[in-house]
Amino acid sequence: MEFPLWAVFGLTSASLSAIFMLIQERLKVNGFAMAFWNKVGCALFTMPAAFYFGFPDNGMFYAIMFAAALLWVVSDVYFFEAIPKVGAGTVSRVLPVSIILSFFLWFLFDHALLQKYLSEPVKSVGVIATLFASVYFATRLRHCAVSWRAIRLLWFVIVASVAGPILMKLITQQSPVSQGPCAFVFCEALFMVACWVLWYFIRKPVPREVLFSKEAAKGGILVGAISGLMVAS
């Protein structure tokens, strides 16, 4: 029997996602500052592996990566701003709704997979029931009171969480598995940092002392190392 390596990567990604949300809940770093240093940490963490394995020579890889990065440039700031306001638990229980939307939208890009599901109705019903049950039980954890305030704060993050996995699946089709994960995280992080630097000089969304504080840098780089490993997983 083949070892389910996909399950190991899935559980690793989910666990790390919970950890870095809890870190931001505890530290309460400014959302823009945390987003900025998070990607600095991602770039530093993945740089050695990215240069070791090399970078894809497929232009579509970078086109899709830039599109995803532009989405997350906005989404990440809202995400990290929301956690101190409504708590990591509420955020983690609101976002699963995006899984269902992303699951069905992917069929627009992979018609063969849709046909496979249709040819195996028993398995398909099981998969869909599991998705809906996961979202239901996520919202019921500790009788979660998901407020409209949280949804208003996170609406763009939910949209990004629907589109993000689709874009990342498309990216995996444009690069060798040995290069794709690290190259994606590294290049995406650099591009996002460049966007935020440009935005900072144009609008100065946070004071300089907040952006370059030790708390923001330490917390952000720690979260960046964790989230870099999460995305690669």
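Above this text you will find the structure in question.
As the structure is a computational prediction, the values presented were derived from the model and not from experiment.

Core analysis: the biggest nonpolar cluster contains 62 residues, and Phe20, Phe79, Val91, Trp196 and Leu211 have the highest contact counts within it. The set of elements that each furnish at least two residues to this core consists of helix H1 (5-27), helix H2 (31-53), helix H3 (59-86), helix H4 (88-94), helix H8 (148-172), helix H9 (180-203) and helix H11 (214-232). A per-element tally of this core places H3 first, with 14 residues. Dropping the residues within four chain positions of it, Leu211 is found in contact with Phe32, Ala33, Phe36, Trp37, Tyr200, Val206 and Ala216. With 5 residues, the next largest nonpolar core counts Ile100, Phe103, Phe107 and Val135 among its residues.

Taking 1.5 Å per residue as the helical rise, H3 with its 28 residues ought to reach 40 Å, and the 40 Å between its terminal C-alpha atoms agrees with that figure. The largest bend in H3 is about 30°, located at Trp72. Here H3 starts with a cap whose side-chain oxygen sits 2.9 Å from the backbone nitrogen of Met60, and that cap is Asn58. Gly87 occupies a position one or two residues after H3 and carries a positive phi of about 95°.

A separate point is the packing of H1 against H11. Between two packed helices, the angle of one axis relative to the other and the distance separating the axes together describe the packing. Running from amino to carboxyl end, H1 crosses H11 at an angle of 165°, the nearest separation of the two axes being 8 Å. Classified by the angle their axes make, H1 and H11 are roughly antiparallel. With respect to the hand of their crossing, H1 and H11 are arranged in left-handed fashion. Across the interface between the two elements, Ser13, Leu16, Ser17, Ile19, Phe20, Ile23 and Leu27 from H1 touch Gly219, Leu222, Val223, Ile226, Ser227, Leu229 and Met230 from H11. For the contact of H1 with H11, the per-class residue count stands at 10 nonpolar, 4 polar and no charged.

Cut-offs and rules
- Residues numbered from 1 in each chain as written.
- Predicted model: local features only at pLDDT ≥ 70, side-chain atom pairs only at ≥ 80, totals over all residues.
- Heavy atoms only, no water.
- Core = buried A, V, L, I, M, F, W, Y, C linked by side-chain atoms within 4.5 Å.
- Buried < 20%, exposed > 50% of the residue type's maximum accessible area, 1.4 Å probe, protein only.
- Helix = DSSP H or I, 4+ residues; strand = E, 2+ residues; numbered from the N terminus.
- Contact = heavy atoms within 4.5 Å.
- Expected span 1.5 Å × (residues − 1).
- Bend = angle between axes of the 7 residues up to and from the residue.
- Polar contact = N/O pair within 3.5 Å; in protein donor to acceptor, adjacent residues only side chain to side chain.
- Axes fitted to C-alpha atoms, helices over the stretch in contact; angles between N-to-C directions.
- Parallel < 35°, antiparallel > 145°, perpendicular 65-115°, else oblique.
- Left-handed = near helix turned anticlockwise from the far one by under 90°.
- Nonpolar A, V, L, I, M, F, W, Y, C, P; charged D, E, K, R; others polar.

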